[in-house]
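Here is how the chains run, residue by residue.
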Amino acid sequence: MTEKILLWKEKKMKRTKRLVSIGLTAVMAATLAAGCSGGKEGQDSENDNGGVTITLLNTKSELVDQFDALADEYKELTGVNIEVQFTSDVVSTHLSERYASGSPYTIMMVDRTDVYAFQDYLLDLSDEDWIADGGAEYGVNIDGKTYSFPLLVEAVGLLYNAQAIEDITGEEFNWTDYNTPEKFEGLLEELKAGGMESPVAVNQDDWSLANHFFGQLYDQQGNSEESSQEYVDSLKNGEVDLTGDARFNSLMDSFDTLLEYNINSADPLAADYDMNNEYFASGEVAFWFNGSWVTDVYSQTDKIGIMPLPQSDADGEANDRLIAGASKTFVIDKEYSTEEQQQAAKDFLNWLVYDEAGQSFMVDDCGIVPAFTNITKEVSTPISIAVQQFIQDGMTSYWYQAIPGDHGTEVGALLQKYMSGNMDREEFASAVEDYWTAQE
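Rules used throughout
Residues numbered from 1 in each chain as written. Predicted model: local features only at pLDDT ≥ 70, side-chain atom pairs only at ≥ 80, totals over all residues. Heavy atoms only, no water. Phe/Tyr/Trp six-rings, centres within 6.5 Å; stacked < 30°, edge-to-face > 60°. Helix = DSSP H or I, 4+ residues; strand = E, 2+ residues; numbered from the N terminus. Buried < 20%, exposed > 50% of the residue type's maximum accessible area, 1.4 Å probe, protein only. Expected span 1.5 Å × (residues − 1). Contact = heavy atoms within 4.5 Å. Salt bridge = Lys/Arg side-chain N within 4 Å of Asp/Glu carboxyl O.

**Student:** Any details on the packing of aromatic side chains? Residues and values, ideally.
**Tutor:** For the structure shown, the criterion picks out 31 aromatic pairs. Note on F149 and F330: the rings are 6.2 Å apart at their centroids and 35° apart in plane angle, and the pair reads as tilted. Taken together, the positions of F149 in strand β6 (residues 149-150) and F330 in strand β12 (residues 329-332) put the pair 181 residues apart, joining distant regions of the chain. Note on F330: relative accessible area 0%, which makes it buried. Taken together, the aromatic side chains of F213, F214, Y218, F248, F255, F289, Y400, Y418, F428, Y435 and W436 make up a single cluster linked through ring pairs.

**Student:** Account for helix α17 (residues 407-419), naming residues and giving values.
**Tutor:** Look at α17: 17 Å from first C-alpha to last across 13 residues, which is about the 18 Å you get at 1.5 Å a residue. Of the residues making up α17, those classed as buried are H407, G408, V411, G412, L414, L415, Q416, Y418 and M419. Elements that come into contact with the buried residues of α17 comprise α9 (206-213), α10 (216-219), α12 (246-260) and α18 (425-437). One or two residues past the end of α17 sits G421, with phi positive at roughly 85°.

**Student:** Summarise the pattern of salt bridges; cite the residues concerned and give the values.
**Tutor:** By the definition in use, this model includes ten salt bridges. With a closest N to O distance of 2.7 Å, E154 and K60 form a salt bridge. Of this pair, E154 sits in strand β7 (residues 153-161) while K60 sits in the loop between β1 (53-58) and α3 (64-78), placing them 94 residues apart in sequence. Across the pair D313 and R247 runs a salt bridge, and its minimum N-O distance is 3.9 Å. Residue D313 is found in the loop between β10 (304-307) and β11 (322-326), and its partner R247 is found in helix α12; the two are separated by 66 residues along the sequence.

Here it is in structure tokens:
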């Protein structure tokens, strides 16, 4: 792992130089001609999209610089102009506004639930070559058709700053030594005794609380889409008594532990995401429940990773398996974009999968774990290394992402009440049950 991280540092230092030189290399340009053909390398193509302009919506804040640089690189290589726009708004709301005004994007980075919501406006991508290389497995399939391009595999769990832990304990940190609530809380007490007053950071953002943390209730129901959906359906039908549900109580017990050691405990709803990031990166806290998308920490430490949340209910190897799946996904508009723009958009997605420069963008520049089986490049950013290891070891749990669009705001608001002491567990359980029984 150390060698991979050193390689990542070297690549990071050379990133800017590579982005410039890659577009000037005649060999790479020739390679692109094959890779951007709208299919796998070596296939013939009559397509030439030089000069066309397409728009791309980026919804990942940690990839703003990378996509901006990519737009310059891609235009230099192909002549295709990609206008990238970032938004931190709720994706479904943002896209609804754009479609209402008749100005959606050619390519849109969305959450999986958004694919279902906007299906009627999206291009059917079932005939693309990357479908056979992971697209069918990780993309969103509706009625036998694939409407999305899975950009990356991500994971949610408990991030740990091993350097901060080891500085206090004096021992090498191995997360498997602390994969039960008792062992984990023992470590938190040891960290407190060693001078780390509050070893945990807890977000107050509704998407983090409801969709990622509480979403584990739906994820850990048998490690399959079918079992998760069956559990959600039983919630909708009012068949689940959460107060007596072992997984629910296990999850909430662990949440209570995190809140007890939370650096934001004085006012948990005032927690700032960027400050939590700084607390974690600097080692002021050792643990932060978040996901593999966290990258703005490596300038301060490389000794970080991700582990499953320790729970008392360990059924289904909940304490050993990391929740992972394809989260962010690309879709292409079919209603307002021209055929030329649609083809340019499809060529761009093929470039990401089949061209070496596209693969390097995803793996080296963005530090993400690709969803495609043909990409053999190993990730080198520390958290992604940890995620890839869980995947290679076959120790991941299914990530259920078909939750309703308002789950984040509605259940997130309930969790905010709970963490601020304005709702007890029984009241919270009842409110969550009411939320689900109100779903159609």
